[in-house]
Amino acid sequence: MDLADIVADRPDQACRAWTAEAIRKVEADANRSADTHLHVFPLPLAWGIDLYLKDESVHPTGSLKHRLARSLFLYGLANGWIREESTIIEASSGSTAVSEAYFARLLGLPFIAVIPKSTSPEKIALIEFQGGRCHFVDEPAAIYAESRRLADETGGHFMDQFTYAERATDWRGNNNIAESIFSQLSLERYPVPAWIVVSAGTGGTSATIGRYTRYRRFDTRMAVVDPEGSAFFDAWVSGDYGRTAPGSRIEGIGRPRVEPSFLPTVIDRMIRVPDGASIAAMRWTTEVSGRSVGGSTGTNMWGAARLISEMRARGERGSVVTLICDGGERYVETYGSDSWLAGKGIDIDPYLKALHTFLITGVLPSA
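Residues numbered from 1 in each chain as written. Predicted model: local features only at pLDDT ≥ 70, side-chain atom pairs only at ≥ 80, totals over all residues. Heavy atoms only, no water.

(A) Inspection of the side chain of T213 at higher detail. Along the polypeptide, T213 turns up in helix α8 (residues 204–215). Of the polar contacts made by the side chain of T213, one reaches the backbone oxygen of G210; its length is 3.0 Å. Beyond its immediate chain neighbours, meaning those up to four positions away, T213 contacts F182, F218 and T220. (Helix = DSSP H or I, 4+ residues; strand = E, 2+ residues; numbered from the N terminus. Polar contact = N/O pair within 3.5 Å; in protein donor to acceptor, adjacent residues only side chain to side chain. Contact = heavy atoms within 4.5 Å.)

Okay, here's the thing in structure tokens:
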């Protein structure tokens, strides 16, 4: 038998060159962007508790999902999944699709967002402004299968944020959101926060921050807030991660199923937040801070207020950090509309009263 080597080369030098240039463009976009601000939320100084809001709405595409989209594109390019002829397809409730449409246009690639019909008109307009095309489904749970079908039909690449969010980001550092938070806190009076509060859509943000705090041996605890109608809270409490739920009315967070990127073992506490509380806290945050925020930020803020109220009751001091996920301008016709709330049967008044009481007394009453 001839012992000569048997070899096969893949003729993809041009593809490698295109990929290298695509990665350069994505990295250059990051290089042009400054870090996001860490705002101080006005609490009484005598409480001995500081609340910070990491403002992810200042990214070029206006939300926390800009970080995720960048990571997903770099991951897909480095893996050889995204090529010069690829159509990019994503299942999304809106914000990730806006950010991915931005990066697809940066690379000259077509983009299709598979989104529920209930997605806010403001987000639909932003996806289309970035050059993306919207493909609507009636039921939120249908976005996964429909995305795969479109990828097969077009020969494109399904980004699948719900699977790859937790692994596309380098959780050890490399300027991820966790490293940024701790760096910005370094000169504050409580530089290691007692709690970091985030909401879960893919689960990627809680996975990144939770892993980072353990890796760096910080005592910071991770709290995940979950809107009503989402599967995450009940699954975390019961340990049954196969359970499903109707889905959330707070766009961008909460899911009808437990997503593959959700990492329950890095979470110290979960808090279920009623939709009325999320929207009340969204409006209250804008009123008190002067910063326009969206519904998922409201969910975060309700959870932060709950934890601070408990810290006050125990006589604890320290800092709490949460995120401004996106701006309120994306929800003018939904969460910002009293008629929309009335049509959905959502009463925010008891929660607004509770938040106003909290700011005066440090106690968040049950609404």
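(B) The arrangement of the side chain of E100 in detail. When you line up the elements, E100 lands in helix α3 (residues 95–106). Within the buried core, E100 has no salt-bridge partner, and the shortest N-O distance to an opposite charge, that of K65, equals 9.1 Å. Setting aside residues no more than four positions away along its own chain, E100 makes contact with A69, L72, F73, I88, E90, F111 and M159. (Buried < 20%, exposed > 50% of the residue type's maximum accessible area, 1.4 Å probe, protein only. Lys, Arg positive; Asp, Glu negative; His and termini not counted. Salt bridge = Lys/Arg side-chain N within 4 Å of Asp/Glu carboxyl O.)

(C) Expanded view of the layout of surface pockets. If you add up the space inside the largest pocket, you get close to 880 Å³. Contributions of two or more residues to the lining of the largest pocket are made by α1 (13–32), α2 (65–78), α6 (161–168), β7 (195–199) and α8. If one sorts the elements of the lining of the largest pocket by residue count, α2 sits on top with eight residues. In this structure, the second largest pocket occupies an estimated 430 Å³ of space. If you go around the second largest pocket, you meet 22 residues; those closest to its centre are S118, P140, S248, R249 and E251. Residues of the lining of the second largest pocket, tallied by class, amount to nine nonpolar, nine polar and four charged. (1 Å grid on protein atoms, 1.4 Å probe; cavity = no way out; pocket = protein on both sides within 12 Å on 5 of 7 lines; lining within 4 Å. Points joined across faces, edges and corners; volume = space filled by probe spheres on them. Nonpolar A, V, L, I, M, F, W, Y, C, P; charged D, E, K, R; others polar.)

(D) Local environment of the environment of V363. Among the secondary structure elements, V363 is positioned in the segment after α13 (349–361). The exposure class of V363 is partly exposed, given its relative accessible area of 46%. Sequence spacing of V363 and E100 is 263 residues, and the spatial spacing of their C-alpha atoms is 41 Å. Discounting residues that sit within four places of it in the chain, V363 has contacts with S309, A354, T357 and F358.

(E) View of the sheet that holds strand β1 (residues 38–41). The strand order across the open sheet built from six strands is β1-β2-β10-β7-β8-β9, with neighbouring strands paired in mixed fashion. Each of the sheet's edge strands pairs with one partner strand only, and the pair in question is β1 and β9 (269–273). In this sheet, neighbouring strand axes are inclined to one another by 25° on average, regardless of whether the strands run parallel or antiparallel. (Pairing = 2+ DSSP bridges. Axes fitted to C-alpha atoms, helices over the stretch in contact; angles between N-to-C directions.)

(F) Here's a closer look at helix α11 (residues 295–313). Under the 1.5 Å per step criterion, the end-to-end length of α11 is 27 Å for 19 residues, consistent within 8% with the ideal 27 Å. Here α11 lies mainly inside the structure; 16 of its 19 residues are buried. The first or second residue beyond α11 is G315, which carries a positive phi of 75°. (Expected span 1.5 Å × (residues − 1).)

(G) Quick look at the packing of aromatic side chains. Per the stated rule, a full pass over the model turns up 17 aromatic pairs. An angle of 90° between the planes, with centres 5.1 Å apart, marks the rings of Y102 and F103 as edge-to-face. The residues Y102 and F103 share a single accessibility class, namely buried. Judged by centre distance (5.5 Å) and plane angle (80°), the rings of W302 and Y351 are edge-to-face. Note that W302 is positioned in helix α11 and Y351 in helix α13, a separation of 49 residues in sequence. It is R105 that lies over the ring of F129; its NZ or CZ is 6.0 Å from the centre. The ring of W171 has R172 lying over it, and the distance from NZ or CZ to the ring centre is 4.3 Å. (Phe/Tyr/Trp six-rings, centres within 6.5 Å; stacked < 30°, edge-to-face > 60°. Lys NZ or Arg CZ within 6 Å of the ring centre and 35° of its normal.)

(H) Representation of the environment of P42 in the model. Here P42 is to be found in the loop between β1 and β2 (49–55). In this structure the C-alpha to C-alpha distance between P42 and Y52, which are 10 residues apart in sequence, comes to 9.1 Å. Excluding its chain neighbours within four sequence positions, the residues that come into contact with P42 are V288 and L359.

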